[in-house]
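Tertiary structure, described
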Amino acid sequence: MAMNVLSILDLSSEEISAIIEDAIRLKEDRRRNIPHPHLRGKTLGMIFEKSSTRTRISFEVGMFELGGSALYLNPRDMQLDRGEAIGDTARVLSRYLSAVMIRAHTHSSIETFSAASRIPVINGLSDREHPCQILADLMTLKECFGRLAGLNVAWIGDGNNVCNSLILSSIRTGMNVSVAVPPGYEPDEACIRRARAEGSVRFYDSPLEAAEGADAVYTDTWISMGQEAEEEERLAAFSGYQVNAELLKRASPECIVLHCLPAHRGCEITDELLDGPQSAVWDQAENRLHAQKALLVSIFGVGKKIN
Ligand code: CP
Ligand code: NVA
């Protein structure tokens with residue numbers, strides 16, 4: 001098992017399948033109040049350079065439920081904010097903690113941290129990727145359809161961090177990803193090259209064409225954290241890229257709607273779809289907890305398979 005999960009590609013197809021299987025088992029056992037204290041004595045440090053609701057709370061509750069503990073670390077309260085090198089921070093935290101999860105403005109900060117770290121490092125979102133989100137999404141798709149290979153997932157909106165991890169995940173899962181983004185808002189070039197060469201990604205000018213026959217339609221905010229100053233130009237660029245009832249008519253009748261949240265209701269997605277019968281969004285959010293618990297157990301190598 002990979003020690004660091006900075007990208008969804010740090011996990012093999014087999015590891016992703018095993019994590020999803022364990023996550024589904026952990027979800028069921030949680031419902032039945034069966035405890036899984038596999039991480040007794042372990043402590044996860046959680047560094048958040050940006051806001052978070054789901055990632056912070058699901059990791060914290062997840063560690064607690066696995067018998068370990070989690071520490072919320074705000075860089076503004078640490079010497080990091082006064083200029084202590086991120087590598088030095090990693091060296092010191094490696095002496096106290098069992099693993100670290102980082103949400104950072106720039107992906108290179110997470111790479112610098114993990115290069116100096118002697119403990120596992122998990123990317124809790126960067127400008128490049130959001131692998132923990134995609135693990136929960138893959139779990140949600142598996143629960144809904146019983147398989148991943150061959151599923152058609154349409155991404156409509158901004159070619160951002162979540163989109164990058166989604167298109168890369170096609171390499172590990174055999175899913176086909178159709179992308180419709182406005183010009184200038186394409187996913188990361190290196191991710192596109194890799195997904196084109198080893199996975200399955202196709203680009204469409206029209207959101208309606210990208211959604212044609214889709215098993216899942218996925219969108220995210222048009223204004224990611226840190227892009228608030230671009231609000232006006234982004235709202236203009238993305239008009240016509242809303243996930244709404246008209247678009248969903250083009251998808252498969254069994255199509256589910258995905259959104260990593262937080263949503264800007266009435267912008268990238270309508271209330272009708274977010275709250276409608278085809279929405280898998282709330283399960284997707286819940287699955288962050290189960291998928292990350294399974295990820296943590298596998299990173300510490302104590303799980304093998306949950307039983
Ligand atoms: N989807 C997600 O990562 O949500 P948070 O920003 O609330 O953690
Ligand atoms: N693309 C969004 C995801 C939030 C979970 C952002 O980076 O803000």
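Residues numbered from 1 in each chain as written. Chains lettered and ligands numbered in written order. Predicted model: local features only at pLDDT ≥ 70, side-chain atom pairs only at ≥ 80, totals over all residues. Heavy atoms only, no water.

1. Concerning the sheet that holds strand β9 (residues 256-259)
Read across the sheet, five strands follow the order β7-β6-β5-β8-β9 without closing on themselves; strand pairing throughout is parallel. If you trace the sheet from one side to the other, it starts and ends with β7 (201-203) and β9, each paired once. Shown here is a sheet whose adjacent strand axes are inclined to one another by a mean of 20°, direction ignored. Bridge count between strand β6 (residues 176-180) and β7: three bridges; the pairing is parallel. The residue bridging Val-177 from the neighbouring strand is Val-201, located in β7. Across the face of the sheet, helix α5 (residues 131-145) comes into contact with β5 (152-156), β8 (216-219) and β9 while running at roughly 170° to β9. (Pairing = 2+ DSSP bridges. Helix = DSSP H or I, 4+ residues; strand = E, 2+ residues; numbered from the N terminus. Axes fitted to C-alpha atoms, helices over the stretch in contact; angles between N-to-C directions. Contact = heavy atoms within 4.5 Å.)

2. Quick look at the site of ligand 2
Around ligand 2 lies a shell formed by Leu-125, Asn-160, Asn-161, Asp-220, Ser-224, Met-225 and Leu-261. Residue Asn-161 places a side-chain N or O atom 2.8 Å away from an oxygen atom belonging to ligand 2. Contacts to ligand 2 include Met-225, whose backbone N or O atom sits 2.8 Å from an oxygen atom. Calculation on ligand 2 without its partners gives an accessible area of 270 Å², and the protein chains cover 95% of this total. Tallied by class, residues from the shell around ligand 2 come to three nonpolar, three polar and one charged. (Near = heavy atom within 4 Å. Polar contact = N/O pair within 3.5 Å; in protein donor to acceptor, adjacent residues only side chain to side chain. Areas by Shrake-Rupley, 256 points an atom, 1.4 Å probe, with all protein chains shown as cover. Nonpolar A, V, L, I, M, F, W, Y, C, P; charged D, E, K, R; others polar.)

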